[in-house]
Amino acid sequence: MYADPQITKLGIPTMARRRYAFDEDKIARFQKEGRGQGRGTSYKPWLTIQDVASHGRSHRIAGIRTGRVHHFLSDIERDAFYQFDWADTVTDIREQYPLDREYTRRIAADLDIKHPRDAATEIVMTTDFLVDIAYEGKLRQLARAVKPASELEKPRVIDKLEIERRYWVQQGVDWGIITERDIPEAMVTNIAWLHPYITLDQLTAPYEGYYQEKARLLLRALSFHPAITLRQFCLAMDQKLAMHVGDSLLLVRHLLARKAISCPMDTAITDAWPLRQFQVPTDESRRASG
């Protein structure tokens, strides 16, 4: 909804402003709803895409690691998530994680800077990602802020990030910043292409287990034709397995998403690649379907 410029000049809040503004009642309601609490499938982000004014760059994506839908407020957040969700060492991803407001207030006071606020209310600050990692038999946590590189030139942004950094240092958690310069474009493009096919549950099948059965047959045939292209292989398998055109490529995407097949991820995957680019790990049987 567009605000009348004359109304805006008078200082009368628009409908959009009322919807997205924060006050103490709204903060209390979010806390009662369990925002920022839980782990895995039960975690509820402090902010969802419904809570922030959209500029067309918000995303909802089902997570592989968590089994729940994640909410992202920018393309960079989405791309960073794809990397975290793809990594085998990651066990949990919590986006829009709220920081204890009493702690952030104290830090802001120590720094002699203004605490982030919305009108008269000091808001609950959030970290874009809190990630659990299993590394060398131990659980570690990473806290990451995600910002466009251009934002890091703004003094007020730097102030807020310093509050966030000190907060996590006090918690003993590794903290850092991710910008678009840290996102490997080809890898993220590949993950985004594979990500929707981690499961086959969304497909309508002639009978239960149909696509899982075809995936296993396709996987067995893959290593016998190293010189032909992925496109040629998929067209041949569509015909051999009596599937619709395109089904074999869909199943290759599924097998790659489940890591029953591996391939170079630092270059954009194309169906012109020879099959020798796609390798079958020795433990593929446990990942071949799902």
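Just above sits the structure.
Note that the coordinates shown come from a computational prediction; the quantities given were computed from them, not determined experimentally.

Conventions adopted
Residues numbered from 1 in each chain as written. Predicted model: local features only at pLDDT ≥ 70, side-chain atom pairs only at ≥ 80, totals over all residues. Heavy atoms only, no water. Helix = DSSP H or I, 4+ residues; strand = E, 2+ residues; numbered from the N terminus. Contact = heavy atoms within 4.5 Å. Areas by Shrake-Rupley, 256 points an atom, 1.4 Å probe, with all protein chains shown as cover. Phe/Tyr/Trp six-rings, centres within 6.5 Å; stacked < 30°, edge-to-face > 60°. Buried < 20%, exposed > 50% of the residue type's maximum accessible area, 1.4 Å probe, protein only. Lys NZ or Arg CZ within 6 Å of the ring centre and 35° of its normal. Pairing = 2+ DSSP bridges. Axes fitted to C-alpha atoms, helices over the stretch in contact; angles between N-to-C directions. Parallel < 35°, antiparallel > 145°, perpendicular 65-115°, else oblique. Left-handed = near helix turned anticlockwise from the far one by under 90°. Core = buried A, V, L, I, M, F, W, Y, C linked by side-chain atoms within 4.5 Å.

Let us look at the overall build of the protein chain. Each helix and strand counted, the protein chain has 10 helices and 8 strands in total. Contacts in the protein chain between residues far apart in sequence, at least 24 positions, make up 63% of those at least 6 positions apart. When the accessible surface of the protein chain is totalled, it reaches about 16100 Å², and 51% of it is carbon and sulfur.

In this section: the packing of aromatic side chains. Overall, the coordinates contain 13 aromatic pairs when judged by the stated rule. Here the aromatic rings of phenylalanine 81 and tyrosine 82 are separated by 6.2 Å at their centres, their planes lie at 45°, and the arrangement is tilted. Across this residue pair, the class does not change: phenylalanine 81 and tyrosine 82 are buried. A centroid spacing of 5.4 Å and a plane angle of 90° characterise the contact between tyrosine 207 and tyrosine 210, whose relative ring orientation is edge-to-face. Taking relative accessible area as the criterion, tyrosine 207 reaches 39% and is therefore assigned partly exposed. A connected cluster of aromatic rings, assembled from ring pairs, spans Tyr43, Tyr97, Tyr103, Tyr167 and Trp168. In this arrangement the basic side chain of arginine 35 is found over the ring face of phenylalanine 30, its NZ or CZ atom lying 3.8 Å from the centre. It is lysine 259 that lies over the ring of tryptophan 86; its NZ or CZ is 4.4 Å from the centre.

Moving on: the sheet that holds strand β7 (residues 138-146). The sheet built from 4 strands is open, its strands ordered β3-β6-β7-β8 with mixed pairing. The open sheet has two edge strands, β3 (90-98) and β8 (174-178), and neither has a second partner. This sheet shows a mean twist of 25° between the axes of neighbouring strands, independent of strand direction. Pairing of strand β6 (residues 126-135) with β7, which is carried by 7 bridges, proceeds in the antiparallel orientation. Note on β7: the bridge partner recorded for leucine 130 is alanine 143. Contacting β3, β6, β7 and β8, helix α4 (residues 75-86) crosses the sheet at an angle of about 10° to β6.

Turning next to the packing of helix α5 (residues 101-111) against helix α6 (residues 155-171). Taken N-terminus to C-terminus, the directions of α5 and α6 make an angle of 120°; their axes are 9 Å apart at the nearest point. Here α5 is positioned oblique relative to α6, judged by the angle of their axes. Classified by chirality, the crossing of α6 by α5 is right-handed. Between α5, through Tyr103, Thr104, Ile107, Ala108 and Leu111, and α6, the contact on the second element is made entirely by Glu162, Ile163, Arg166, Tyr167, Gln170 and Gln171.

Moving on, we come to the nonpolar core. Judged by nonpolar contacts, the single largest core of 50 residues is most densely connected at Phe129, Phe233, Leu251, Leu256, Ile269 and Phe278. At the level of elements, α4, β3, β6, β7, α7 (185-194), α8 (210-222), α9 (230-240) and α10 (247-257) are the ones that each hand at least two residues to this core. With 7 residues, the single largest contributor to this core is α8. Beyond its immediate stretch of four places on either side in the chain, leucine 251 contacts Leu200, Tyr211, Lys214, Ala215, Leu218 and Met243. Counting 16 residues, the second largest nonpolar core, distinct from the first, contains Tyr43, Leu99, Ala143 and Val157.

Turning next to unusual backbone geometry. Phi is positive for glutamine 96, which is not a glycine, with a value near 50°. Non-glycine residue lysine 259 carries a positive phi angle of around 65°. The topology assignment puts lysine 259 in the segment after α10. Exposure remark for lysine 259: the relative accessible area of 15% places this residue in the buried category.

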